[in-house]
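Working through the structure, step by step
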Amino acid sequence: MQGRSSVPTAPPPGAIARRRFLRRVTLCAGAVMALALGTACQELQRSSSTRPVRPSPVADPDSARRGPSAPRDDTATILLPGDLESLEPPADSVLEQAVVSHLFDAHTRRDPRSLEIRAEFVQNWRTLDAHVWELTLPRGARFHDGSPADAEAVAFSLGRHARGQTGARPTPSTARTAESSWAREGAFAAAEVLSATALRVTTQRPVPLLPDFLADVPVLPPSQYFDGQRGSEEIARKPVGSGPYTLAEWSPAGVTMAAFEGYWGTKPNIRKIIVKSVDDPATRTIELLAGRADLVGGLPAEQIPIVERRGARVSRAVTGRTIAVAMRVDRPVLADRRARQALSYSFDVEALRKSSLNGAPRARSMVNPPWEPRGAAGYPYDPSRARALLAELGWTPGQNGNLTDADGRPLALTMDVPRGRGPRDQDIARALQQDLGRIGIRVELRSLEWPVYRGLVEAGNQDDLYLLAAEATFTAQQELQILSRDTTARATRWQNEEFARLFDELSVATEPRSRHDLVDRLWTIVQEDPPWIPICREVDLYGVGRRLAWEAPATQRVRLTDATLSD
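Residues numbered from 1 in each chain as written. Predicted model: local features only at pLDDT ≥ 70, side-chain atom pairs only at ≥ 80, totals over all residues. Heavy atoms only, no water.

**Some remarks on the pattern of salt bridges**
In total, this model carries 35 salt bridges according to the counting rule given. We note a salt bridge from Arg126 to Glu134, for which the minimum N-O separation is 3.1 Å. The exposure class of Glu134 is buried, given its relative accessible area of 15%. Of the charged contacts in the structure, one is a salt bridge between Glu287 and Arg292, with a shortest N-O distance of 2.8 Å. Exposure class is identical for Glu287 and Arg292. Each is buried. Sharing partners across several salt bridges, the network here consists of Glu302, Arg424, Asp427 and Arg430. (Salt bridge = Lys/Arg side-chain N within 4 Å of Asp/Glu carboxyl O. Buried < 20%, exposed > 50% of the residue type's maximum accessible area, 1.4 Å probe, protein only.)

This is the structure we're talking about:
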């Protein structure tokens, strides 16, 4: 088996810092702009959510009064929501990824549109036998500090990642699915350096997805990242990679990155990238329309008409990130599969999708294309079937319509919902509460700030129901792995011996048809014994300025590698 492809180039980043909500008020209310921009600001204020927003860092609150100031032709400015805590890979957020992916090369890269694995730092790969791979690297590559980016560095990087740690910190939770395949199962055994541009990787078992796994492994310089060399804060703030950009500046206003003149691959088209963290979506859009930003992420659907009327455009991508309601099967009321089937029949996902999710495509399973199970379909809305299943379990309507058991105890569940993560999380939770209420199930919603919610998930302490955002890997194996191994998303406590047996077969199967057949069989088990209710695939919306040629990626990786700027 052999992989070969052209090597991508590189560009953008992510940013840091926060300002007060007053910034937004100053920017919109106090701006003396052209009439078109003033009208856009009013429209954005009307279209913005009334919920409180987090502080939004805008570098110069008086700049709106001076009117639009076009960026330099060789500089692209990106505004993204979120916080930037570290510039050390692997990234733990879209914002961090937007920086890290341009400072560091990955060993391979998933194409943002075709979703196929392409060459990045690893130019070619081939199998010598079921346990041995040979990797070929570029000649003469160097890290930003001038040290050689060669086979020794790749061997070092693979070993570090296999230990579940890169640089000064453990592999973060969002990378655990990939890391568990590479490290926790003992897949990596050794890396033998053959020359400066070639090495041999040995695994403890067959690993047919090794090129896929390598897309999550950064290339690190041994000169900077070996144990005890630098403190964690220095590593996080002064990254050294082999990517097409170097860090030029990190300040409360954001991150500036400059093209690396010594880059081994194709030089980027854009010479400088500025990335800022701006939480308020209205502020991001106003900056786009004013010409002070070329790309803004997290565009609310209600702002699409405003953006398109004002001369910018909207780029959208259906991502592989799946939103689902997870069910704790270790809770007595949900232990029987019929109860979880009943909840699945009770939730009118199609109605929710059309009314509140802006037409986001329904997730028929938790497995992404191209491996999505053939014939996969979500549970249809069938409250009568739901009531019949619950009646089999002894739940019958009481005097007030609520379902009760033989002792008169109500069927009541608690659902954890994050606040401040996704714009529709609360809508999903309320829709589920209403739909289950119609058949007599009481659902109490527990709304938690995102950092608290994330800590709850990582500790496995969720309530009966909780919202799950399953990250995309596009390999099927990794997307199903959260049901078969000790990962954070396995807080459902779901177990199935037949599933575990078939999954072990999948993990070593090399022939594509056999792999797809196994995925189909695995999903049939999950469908009949559901631990979750798949809802939709997230749709990412970006506002793109008229100067920038760039399209939204299905992979949620914001990179301007092949992007260009025009006058």
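**Re the nonpolar core**
With 67 residues, the main nonpolar core has Phe347 and Ile441 as its most contacted residues. A total of 6 residues in this core trace back to one element, the largest contributor, which is helix 19 (residues 512-528). In this structure Phe347 touches Val325, Leu352, Tyr381, Ile428, Ala431, Leu432, Asp435, Ile533 and Ile535, once residues within four positions along its chain are discounted. (Core = buried A, V, L, I, M, F, W, Y, C linked by side-chain atoms within 4.5 Å. Helix = DSSP H or I, 4+ residues; strand = E, 2+ residues; numbered from the N terminus. Contact = heavy atoms within 4.5 Å.)

**Some details on the packing of helix 18 (residues 497-508) against helix 19**
Following both chains from N to C, one finds helix 18 and helix 19 inclined at 160°, their axes separated by 10 Å at the closest point. As judged from the angle between their axes, helix 18 and helix 19 are roughly antiparallel. Remark: the crossing between helix 18 and helix 19 carries left-handed chirality. When helix 18 is examined against helix 19, the residues Glu498, Phe499, Arg501, Leu502, Phe503, Glu505 and Leu506 are found in contact with a partner set consisting of Arg515, Leu518, Val519, Arg521, Leu522, Ile525 and Val526. Grouping the constituent residues of the contact of helix 18 with helix 19 by class yields 9 nonpolar, no polar and 5 charged. (Axes fitted to C-alpha atoms, helices over the stretch in contact; angles between N-to-C directions. Parallel < 35°, antiparallel > 145°, perpendicular 65-115°, else oblique. Left-handed = near helix turned anticlockwise from the far one by under 90°. Nonpolar A, V, L, I, M, F, W, Y, C, P; charged D, E, K, R; others polar.)

**Some thoughts on the sheet that holds strand 14 (residues 295-296)**
Taken together, 10 strands build an open sheet; the order of strands is 11-12-13-2-14-21-15-20-18-19 and the sheet is mixed. The open sheet terminates on both sides in strands that have one partner only, identified here as strand 11 (245-251) and strand 19 (442-449). Across 2 bridges, the pairing between strand 18 (residues 412-419) and strand 20 (residues 465-470) is parallel. Looking at the pairing, Asp416 lines up with Tyr466 of strand 20. (Pairing = 2+ DSSP bridges.)

**Some details on the confidence of the model for the protein**
Here the protein shows a mean pLDDT of 82. Residues at 70 or above account for 80%. For the stretch residues 1-37, pLDDT sits under 50, and the model shows 144 contacts to residues farther than four places along the chain or on other chains. Predicted confidence for residues 172-181 stays below pLDDT 50, and this span has 30 contacts to residues more than four positions away or in other chains. (pLDDT = per-residue confidence, 0-100.)

**As for empty space enclosed by the protein**
Within the structure shown, the criterion is met by 4 cavities of 30 Å³ or more. Space inside the largest cavity adds up to approximately 90 Å³. Lining the largest cavity are Ser344, Arg362, Arg364, Gly378, Tyr379, Trp523, Val526, Gln527, Pro530, Trp532, Ile533 and Pro534. Contributing elements (two or more residues each) for the lining of the largest cavity: helix 19 and strand 21 (532-544). Within the lining of the largest cavity, the residues separate by chemical class into 7 nonpolar, 3 polar and 2 charged. (1 Å grid on protein atoms, 1.4 Å probe; cavity = no way out; pocket = protein on both sides within 12 Å on 5 of 7 lines; lining within 4 Å. Points joined across faces, edges and corners; volume = space filled by probe spheres on them.)

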